[in-house]
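Working through the structure, step by step
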Amino acid sequence: MFQQIWRKTILIIVLIVLLLSGLGILMLELGGKTGPALAIVSGLEALTIPLDEFFTGTDYIGLNTQNFLLFDRFVAGEMQHYPGLTQWLGMIAWLMLLVYVCLITLLRRYAFLLAAGLLVFMLTISGVNSLNIGGVGTNYGLLICLVFLLVPAALIHLFFENLSLGLRTLLVFGSGIAGLVVLIYFANAPYPTLLFSENISLMAMAMAAGFLVYIGQSMVSGLYILLARLNRGVGIKIAWHFAILGTGYLMLLGLMLLDITGSLDGWPLPPFELLLPIVGLVGFLDVHYKIRSLPQPFAFPWVGKLFYLTGFAVCMLVIFKGKVSMNTPMLDFLHHIFVYSQLGFGLLFFLYIWVNFSSILNSGTAIERIVYKPPFFPYFHMRLGGVLSLLIFLVYADGIVAVQFSTSSTQLSADYYLASRRPVEAIVLYENAFERYRKNDKALYATAHLYLDQNQPTLALNTLVKSFEGNPQVPDILMLSALLEKRERVNEAIYYLEEGLKYFPSNPYLSNNLALIYHQMNRPDEALRVLEKMEGKSLTKELNLLGVKILHGKTMEDNDFDVSTLKERINLLAYINATGEEPPFGLPADSISHGHDPVNRAMLRNQLTSLQEGDNAAPYFQILDTLLNRPNLPLNEEENIRESGLVLEFRSGRVNELLRKLNGMAFRFNKNAGYYHAFAGWIFSREGDFKKAAIEWKQAALKGFTQFTPAHLPYLFFGGMEEEALFVSGTQGVDFPNWMRFDSDRQLVSNDTVKFYQILSKLPEMLGKELLPAMETLEGASNRAFLARELLLKKGHWFSDKELDALYALTQSQGIFRQESSFLSVYVDRIKGLSDAMGKSGRSSVAENAYFTPMVLAEIEKETDNEERYRLLQEASQFNRDPLLWIELVKYCRIIGLDQYASSNLALMAEWIGPEDLTELQLEYF
């Protein structure tokens, strides 16, 4: 009873290893994880978006910002190594060896001696001496293994033959685990468990090769056994079935032989890793009948079956190890042994059956006599012929399996040095592995990464070129092209990607990256052509197709608007923002938790640009505050977030705060200071502050802003920067507007438009008594209407209700202002005191735009706290120089006891207001 329990326990352990290894191989095959990781990196490219524009009275000045388009690029990931998994695999391989040792104690004498000899051979190639126990190059590691494995097995077999299976198992496993502990404890090599696990794979490879040779004829003999068993008592002609199935299988093996020897290319052959389990299962049936039919060197049938399953498990374990570690020589070694043995032994057995037993094939009888108890000489010749066939195939392939085995060992050592962070040794071994076996997918890829880690990009580049010439691989080509792009050798990057597509036609990784290079070189038609031919990776393909079309202004098709992913929606929103349309959807910007992710940065900027009148902006301010409060924020990331904040401030109408932030941005981020000064100049120009606008436009020109138009020059000229206006006109080739003509003395020739701009430039500082007379000097109806609008917005507090109505009526006489009819009507009502709210005006609220003087004063009237009134006036006075606003500021300075500030503010007012007018203002309002 206990023996049965122990037997089942060992069987379950072996089956678990077999099942998990098979599942692992299947997952790697189906998941495409058999090569280096190829990651998707999202890149940003800026798309200029018209943010707003305003009418100057004679022309328009636009304000642009940037939205972001996302492009997905494939990059070759870091070289993956799994030291933890490797150590687990090493321990499992050792466990399988202990199962083998336990089983050989159940063999008869001569079989035990043969199995013990095989054990010594396997331990010899196991690499345990590399642990350097007692010094470099000593044999103490092998000696410890023999003491803890072979000696207990020999003692059990010689003196304790009747020992129960449970005690045998406990003794062998206990001794084996103790031996492993001793090996690791006394090892002098760094990271000994990893080194042991890597080197034990060589022993496992030898065991796997032996198993593959053993099952050489299993598929063909198993097919015959199955057909014969089915035919027993039926009498159908199975010879034809056997002939067709056997010939088909052997032809498949022949094609696989041609494929692995390089004589066949492009045929869709099944991978041997998936064919092996089928052969292994059929082989188990073969073993079952063989044990029943022939005397065996063990007393119990289950021993032979466990031997078989252990070898099967080790074989699958080695394949899984080879795939995980990308050890191509290891996998190719097993692949070659599998094909040679299956073809050699299978072909001879197939011929042996037909030549000797064709007359009784259809009988369905004498299965055991045909397969397991044949006449000696035919069977002997068949086995000898199978061995000779195997040797012939080895010679035909130039003995490549020996190179594969030794190269596998070299690469296992390189993996150990890579995982133990000894790059110099790893590089030497990887390069040696490639030189010895060129069909190596990992060696030079890992070498290139190691060179990059050591900051040697030239050596990495040369390594990848060698890889392309000797064994082209998609990850290597991707990394090679990326390095060439980084060195601005774009034509070479294109060459390698195009050549790579000849080896791997329509490969999605190569096609995608090639299309992005074409796009960056302003070759959109070629980029679109390559993307449309690209097979697979449809999400990346659709995203990049959309991005290329948008950025290069290509015609958008109807299906381009049927987006399904967040990245596509981000790109489409940028397109909608560029066209000025109202977006039909929003982005989940509230999900943003960090700003260094390109997707988050693009989502935030594009969503803020699309905000409409009445949208709740408060959550976005919280998001920006959270992003900016992160520690160790990179400067470029900070600038991007703060620039998004500028867009939000603009969309929210917070002019005061926007102008303050623009000043800080221009100071902190000097590289883009020209844009920030131009942004501020646009705001000042829209609000009619010519002097501040001229200062900002001048600074923008000095900092490299080059997008001046004729509409900008009046703000420089009438803002007191006449020479700067002439300088910008001359250096940037911008003509003055047609209405600005200069005489021979370079003096501006007066006309109605000139008078109009002169009035506008002085408007912020003008007194109420000067406003209507100034308007009367204008002749043009459009100029008068525009000035009336400006008077309402900036100077409406100076006028009576009747005058306000007349100014409003004048604005409506021109069609260009009728779209603001509702806003201006509500605005006038508020100046009159008929309304307390501006509603959704589309313009700034009271405290957010200091240039809306009537609204600021109306807010002062509503406020009951004098200190709050002073605060509002003080903030507005930083921008606005309206005399009444400043008089109110002086008044409240005195009310709250800040007489010194009151006197200081009066002194400042004296700079632009005459003494008599200043005295009159004080008498009237104090």
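**Thoughts on the overall build of the protein chain**
Looking only at helices and strands, the protein chain has 41 helices and two strands in total. The C-alpha radius of gyration of the protein chain comes to 43 Å, more than 25% above the 29 Å expected for a compact globule of 926 residues. Projected onto the principal axes, the alpha-carbon positions of the protein chain cover approximately 135 × 55 × 55 Å. Relative to its 926 residues, the protein chain shows a buried fraction of 52%. Across the protein chain, every contact between residues at least 6 apart in sequence was considered, and the portion connecting residues at least 24 apart equals 68%. Here the protein chain displays about 41400 Å² of accessible surface, and carbon together with sulfur accounts for 57% of that area. The centroid of the 74 positive side-chain charges in the protein chain is displaced by 14 Å from the centroid of its 89 negative side-chain charges.

**Thoughts on the pattern of salt bridges**
Enumeration according to the criterion identifies 36 salt bridges in this entry. A salt bridge links Arg 686 to Glu 687; the shortest N-O distance between them is 2.8 Å. The buried category is assigned to Arg 686, whose relative accessible area is 18%. With a shortest N-O distance of 3.8 Å, Glu 920 and Lys 769 are connected by a salt bridge.

**Considerations on the packing of aromatic side chains**
One pass over the structure, following the stated rule, counts 48 aromatic pairs. Between Phe 242 and Phe 350, the ring centres sit 5.3 Å apart and the planes meet at 35 degrees, which makes this aromatic pair tilted. Here Phe 350 lies in helix H11 (residues 328-357) and Phe 242 lies in helix H8 (residues 238-260), a separation of 108 residues in the sequence. The two residues Phe 242 and Phe 350 agree in class, both being buried. The lysine or arginine in question, Arg 654, covers the ring of Phe 621, its NZ or CZ lying 4.4 Å from the ring centre.

**Considering the pairing of strand S2 (residues 60-76)**
Among the 17 residues that make up S2, twelve are buried, leaving the element largely enclosed by the rest of the structure. Bridge analysis of strand S1 (residues 38-55) against S2 gives 17 bridges, and the strand direction is antiparallel. Looking at S2, one finds that Pro 50 is bridged to Asn 64. Linkage of S1 to S2, two consecutive antiparallel strands, is achieved through a turn of four residues, within which Gly 57 is found at a positive phi near 115 degrees.

**What about the state of the cysteines?**
Enumeration over the complete set of coordinates arrives at zero disulfides. Counting only cysteine sulfurs, Cys 145 is the nearest neighbor of Cys 102, a cysteine outside any disulfide, at a range of 17 Å. Judged by its relative accessible area of 1%, Cys 102 is buried. A relative accessible area of 1% means that Cys 145 is categorised as buried.

**What about the packing of helix H20 (residues 508-520) against helix H21 (residues 524-533)?**
The contact between H20 and H21 brings their axes to 7 Å, and the two run at 170 degrees. When the axes of H20 and H21 are compared, the pair comes out roughly antiparallel. Counted together, Ser 511, Asn 512, Leu 514, Ala 515, Tyr 518 and His 519 of H20 and Glu 526, Ala 527, Val 530 and Leu 531 of H21 form the full contact between these two elements. Looking at side-chain class alone, the contact of H20 with H21 contains six nonpolar, three polar and one charged residues.

**Let's talk about the packing of helix H9 (residues 272-293) against helix H10 (residues 301-324)**
Between two packed helices, what matters for the description is the angle formed by their axes and the separation of those axes. The N-to-C vectors of H9 and H10 enclose an angle of 170 degrees; their axes lie 10 Å apart at closest approach. Viewed along their axes, H9 and H10 adopt a mutual orientation that is roughly antiparallel. Where H9 approaches H10, its residues Phe 272, Glu 273, Leu 276, Pro 277, Val 279, Gly 280, Leu 281, Gly 283, Phe 284, Val 287, His 288 and Ile 291 are matched on the opposing element by Pro 301, Gly 304, Lys 305, Tyr 308, Leu 309, Phe 312, Cys 315, Met 316, Ile 319 and Lys 323. Residues of the contact of H9 with H10, tallied by class, amount to 15 nonpolar, four polar and three charged.

**Details of the confidence of the model for the protein chain**
Predicted confidence across the protein chain gives a mean pLDDT of 87, with 94% of residues reaching 70 or more. Counted against residues more than four places away or in other chains, residues 839-844, with its pLDDT under 50, gives 16 contacts.

**So, the nonpolar core**
Of all hydrophobic cores here, the largest spans 172 residues; its most connected members are Leu 659, Phe 679, Trp 697, Leu 716, Phe 718, Leu 787 and Met 909. The contacts of Phe 718, once residues within four sequence positions are left out, are Phe 690, Trp 739, Met 740, Leu 748, Val 754, Tyr 757, Gln 758 and Ser 761. Counting residues in hydrophobic clusters, the runner-up holds 114 residues, among them Leu 89, Val 101, Tyr 224 and Ile 291.

**Concerning unusual backbone geometry**
The phi dihedral of Asn 132 falls on the positive side, at around 60 degrees, and the residue is not glycine. Among the secondary structure elements, Asn 132 is positioned in the loop between helix H3 (109-124) and helix H4 (140-159). Its identity is not glycine, yet Arg 746 carries a phi of approximately 60 degrees, on the positive side. Positionally, Arg 746 belongs in the loop between helix H31 (722-732) and helix H32 (752-762).

**Notes on the side chain of Arg 789**
Tracing the chain through its elements places Arg 789 in helix H34 (residues 781-795). Judged by its relative accessible area of 11%, Arg 789 falls in the buried class. Looking at Arg 789, its side chain comes within polar contact range of the side chain of Glu 820, at 2.6 Å.

**Observations regarding a nonpolar patch on the surface**
A cluster of nonpolar side chains, namely Ile 12, Ile 16, Leu 19, Leu 20, Leu 23, Leu 26, Leu 30 and Leu 274, defines an oily patch on the protein surface of about 760 Å² accessible area. Counting residues per element, the nonpolar patch draws most heavily on helix H1 (residues 2-30), at seven residues. Structurally, the position occupied by Leu 30 is in helix H1. Taking relative accessible area as the criterion, Leu 30 reaches 70% and is therefore assigned exposed.

**A short note on helix H19 (residues 490-503)**
Across its 14 residues, H19 extends 20 Å between first and last C-alpha, which sits within 8% of the 20 Å expected from 1.5 Å per residue. Looking at H19, one finds that the buried residues are Ala 493, Ile 494, Tyr 496, Leu 497, Glu 499, Gly 500 and Leu 501. In this fold, the buried residues of H19 make contact with helix H17 (457-470), helix H18 (474-486) and H20.

**Here's the deal with the environment of Ile 695**
Along the chain, the position of Ile 695 falls in helix H29 (residues 690-702). Note: C-alpha distance between Ile 695 and Phe 338 (357 residues apart in sequence) is 82 Å.

**Some details on the side chain of Asp 415**
Relative to the elements of secondary structure, Asp 415 occurs in helix H14 (residues 400-419). Setting aside residues no more than four positions away along its own chain, Asp 415 makes contact with Glu 198, Ser 325, Tyr 430 and Lys 442.

**Points about the environment of His 519**
Tracing the sequence through the fold places His 519 in helix H20. Note: C-alpha distance between His 519 and Glu 161 (358 residues apart in sequence) is 77 Å. Non-local contacts of His 519, meaning those with residues more than four positions away in its chain, are made with Glu 45, Phe 71, Ala 527, Val 548, Leu 551 and His 552. A polar side-chain atom of His 519 sits 2.7 Å from a polar atom in the side chain of Glu 45.

**As for H10**
End to end, H10 covers 35 Å across 24 residues, agreeing with the expected 34 Å (1.5 Å per residue, within 8%). By the criterion of burial, H10 is predominantly enclosed, with 21 of the 24 residues buried. In the stretch just after H10, Met 326 is the one whose phi turns positive, near 55 degrees.

**Focus: the environment of Arg 523**
Its location among the elements puts Arg 523 in the loop between H20 and H21. C-alpha separation for the pair Arg 523 and His 552, spaced 29 residues apart in sequence, amounts to 9.2 Å. Side-chain polar atoms of Arg 523 contact the side chain of Glu 526, separated by 2.7 Å.

Procedures and definitions
Residues numbered from 1 in each chain as written. Predicted model: local features only at pLDDT ≥ 70, side-chain atom pairs only at ≥ 80, totals over all residues. Heavy atoms only, no water. Helix = DSSP H or I, 4+ residues; strand = E, 2+ residues; numbered from the N terminus. Rg over C-alpha atoms; globule rule 2.2 N^0.38 Å. Buried < 20%, exposed > 50% of the residue type's maximum accessible area, 1.4 Å probe, protein only. Contact = heavy atoms within 4.5 Å. Areas by Shrake-Rupley, 256 points an atom, 1.4 Å probe, with all protein chains shown as cover. Lys, Arg positive; Asp, Glu negative; His and termini not counted. Charge placed at Lys NZ, Arg CZ, Asp CG, Glu CD. Salt bridge = Lys/Arg side-chain N within 4 Å of Asp/Glu carboxyl O. Phe/Tyr/Trp six-rings, centres within 6.5 Å; stacked < 30°, edge-to-face > 60°. Lys NZ or Arg CZ within 6 Å of the ring centre and 35° of its normal. Pairing = 2+ DSSP bridges. Disulfide = S-S within 2.5 Å. Axes fitted to C-alpha atoms, helices over the stretch in contact; angles between N-to-C directions. Parallel < 35°, antiparallel > 145°, perpendicular 65-115°, else oblique. Nonpolar A, V, L, I, M, F, W, Y, C, P; charged D, E, K, R; others polar. pLDDT = per-residue confidence, 0-100. Core = buried A, V, L, I, M, F, W, Y, C linked by side-chain atoms within 4.5 Å. Polar contact = N/O pair within 3.5 Å; in protein donor to acceptor, adjacent residues only side chain to side chain. Patch = residues over 30% accessible without salt bridge, like charges linked within 9 Å, V, L, I, M, F, W, Y side chains within 5 Å. Expected span 1.5 Å × (residues − 1).

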